[in-house]
Amino acid sequence: MATAQDTALDHSIRDYFRDALDWGQEFVDIFAPDAEVNVEDSITHVETRLAMLRRRLAVRDFPSEVQSEADAIVGGLPKDVLTSRYQALQRVQTGLLRANIEADRLLLAKLNGDYAQSEIADPLFKGVELEPDGTIPRLALRPNNPAKTVPKVLGPDAPSLNALAKAYVQVLKDQKIKDKTIGDQRLSFELARAVIDFDKPATLLDLNDMKALRDLIGHMPANHQKKPETRDLDPIAAVQAGKDLPKLGYETQKKRFDFFKRFVAWMVAEEHLTKVPGNELKLLVKKPPKGKPKRLPYEPSQLKLIFDCPIYTGRQSINRSGTPGKLRLKDGRYWVPLIALYAGMRAGEIIQLTCKDIKEEDGIFFFDITKLEDDPDEEIKHLKTGSSYRKVPVHSAILELGFLEYVAARKTGRLFAELKIGSDGTYSQPWSKFWYNLGNKWKFRSKLHVFHSFRHNFVDALHEANVTDAIAMQLCGHTSDDAHWGYGKGASISRLKEEIEKIEYPGLHLGHATGSGWKI
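Asker: Which residues make up the pairing of strand β1 (residues 358-361), and what are the values?
Answerer: Across 4 bridges, β1 lies against strand β2 (residues 364-369) in antiparallel orientation. For Glu-360, the partnering residue across the bridge sits in β2 and is Phe-365. Hairpin connection of β1 to β2: 2 residues between the antiparallel strands, including Asp-362 at a positive phi of 55°.

Asker: Which residues make up the sheet that holds strand β3 (residues 390-393), and what values do they have?
Answerer: Sheet strands pair via backbone hydrogen bonds, and the direction of the pair is either parallel or antiparallel. As summarised here, the arrangement of the 3 strands in space is β1-β2-β3, forming an open sheet in which the pairing is antiparallel. Looking at strand neighbours, the two that pair on one side only are β1 and β3, the edges of this open sheet. Each strand of the sheet is rotated relative to its neighbour by a mean of 40°, with strand direction disregarded.

Asker: Can you break down empty space enclosed by the protein residue by residue, with the values?
Answerer: Under the definition given, this model contains 5 cavities of 30 Å³ or more. By volume, the largest cavity is sized at about 40 Å³. Forming the boundary of the largest cavity are Ala-20, Leu-21, Gly-24, Gln-25, Val-28, Ala-103, Leu-106, Leu-107 and Lys-110. Breaking the lining of the largest cavity down by element, the ones donating at least two residues are α1 (2-31) and α4 (85-111). Among the elements that line the lining of the largest cavity, the one with the most residues is α1, at 5 residues. Of the residues belonging to the lining of the largest cavity, the class tally is 6 nonpolar, 2 polar and 1 charged.

Asker: Provide a residue-level description of the nonpolar core, including the pertinent values.
Answerer: Counting 64 residues, the largest nonpolar core has Phe-367 and Phe-403 as its most contacted members. For this core, the element with the highest residue contribution is helix α12 (residues 332-343), accounting for 9 residues. For Phe-367, the contacting residues outside a window of four places in its chain are Ile-339, Ala-343, Met-345, Leu-353, Asp-357, Ile-358, Arg-390, Lys-391, Val-392, Pro-393, Val-394 and Phe-403. Among the nonpolar cores identified, the runner-up in size contains 40 residues, and Trp-23, Val-46, Leu-53 and Val-128 belong to it.

Asker: Break down the packing of aromatic side chains for me, with residues and values.
Answerer: Within the structure shown, the criterion is met by 29 aromatic pairs. With a centroid separation of 5.7 Å and an interplanar angle of 55°, the aromatic rings of Phe-367 and Phe-403 are classed as tilted. Separated by 36 residues along the polypeptide, Phe-367 in strand β2 and Phe-403 in helix α15 (residues 403-410) bring together distant segments of the chain. Here Phe-367 falls in the buried class, since its relative accessible area comes to 0%. The lysine or arginine in question, Arg-262, covers the ring of Phe-259, its NZ or CZ lying 4.4 Å from the ring centre.

Conventions adopted
Residues numbered from 1 in each chain as written. Predicted model: local features only at pLDDT ≥ 70, side-chain atom pairs only at ≥ 80, totals over all residues. Heavy atoms only, no water. Pairing = 2+ DSSP bridges. Helix = DSSP H or I, 4+ residues; strand = E, 2+ residues; numbered from the N terminus. Axes fitted to C-alpha atoms, helices over the stretch in contact; angles between N-to-C directions. 1 Å grid on protein atoms, 1.4 Å probe; cavity = no way out; pocket = protein on both sides within 12 Å on 5 of 7 lines; lining within 4 Å. Points joined across faces, edges and corners; volume = space filled by probe spheres on them. Nonpolar A, V, L, I, M, F, W, Y, C, P; charged D, E, K, R; others polar. Core = buried A, V, L, I, M, F, W, Y, C linked by side-chain atoms within 4.5 Å. Buried < 20%, exposed > 50% of the residue type's maximum accessible area, 1.4 Å probe, protein only. Contact = heavy atoms within 4.5 Å. Phe/Tyr/Trp six-rings, centres within 6.5 Å; stacked < 30°, edge-to-face > 60°. Lys NZ or Arg CZ within 6 Å of the ring centre and 35° of its normal.

Put into structure tokens, the structure is as follows:
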């Protein structure tokens, strides 16, 4: 019975090959002589496709159209002939790929005028001949058969990966995606170009390309653009030179790979590809255990180091705020950490505040964290999610340090105008660099203790004060998947003020940060 199954399947595979053979001969006899057909382009495309098909056959990576054709062939076998559907599918898928490869090899030989190589070489197809009427191939009689898949010569207008990558970046710009995200996308492309030929047609992107990018990312040294051993090298050379250096962490590897997969998904949506190859590929690095913290709140000893540094005790100058001196200045570097600690706001949310964002309602001052698209003062504001739009009362600890006097002195525009936007279009980029250097100098930084740690302190302080989850989520700009939380306006500003005032940090003293002699 197995012999009967294999014989029937091989007969269908040989028919499939004959159709491909007929089509190739039709192209050589009818289309190639046409003056409008660029034969050199056709040769290049067939060569590229042939190499791709051979790689697929080597790893048994069957294209979706081959799988569909094989499924149709196996499904057409009589029940008394079919003995193993799995074995049948494997045999047909392998045979169809061999048919495509042999047909392309023969077509390429004829297009190159090398008829010494135009004899069938694959033993599976020995004895197969063209249809008797070579001017009307059998395939031409069934042009609308959707199940029939035969090799196609890609035309000169088929877009390359490079062209589509440029188009995709323009789409992101048109959608007003922030510069940081576009920068991440370009970095992903830079890595991909090191292992993928971006000049080839996008339709030829395959699993091996995705594996090559995954592997490059997996072996890339962390911060390779900054380290002296690797910063001036291309990605492949950086991997080699940095083979003994620590590699990118899980989150960074995932980010780099996901950015490229988003581009590929866009190509699928635009119908340049039928599917995302390698969509289920796993990274080379293991995902951290669930529950392992990415960031930790600052310890009391670290908070003391922060608020005892020259920013709060006296600095040498405006710019040299990490060096002790006599200048006492309440500027952005003074206020941003305090607001993060007592309002739980993200660095970018704080630094992009305008004077109009400090509002009063029922005698309560609050940070109005919003973005008005038609306000020219807010053109470069960014908020992380929809739930980031919120009102956060100003804690009394901030008010007692003279915050409202500072706001009044600024009058209009950005509240912390001296804190500039970064090259990636965000305020957090230059601030993170400043905080990194300050933390190293004054010994309050670690891998898990960064500026975002203030937000963790704020959340912990809410929990210590027994603030309800609903209020805590509203203050932090978090949301729940529960449909219930999508209704209503949330708690009143007076209720929020009552709850935020419960926040305290035992052992933290800010007396030296106020008093006389401070400039606004």
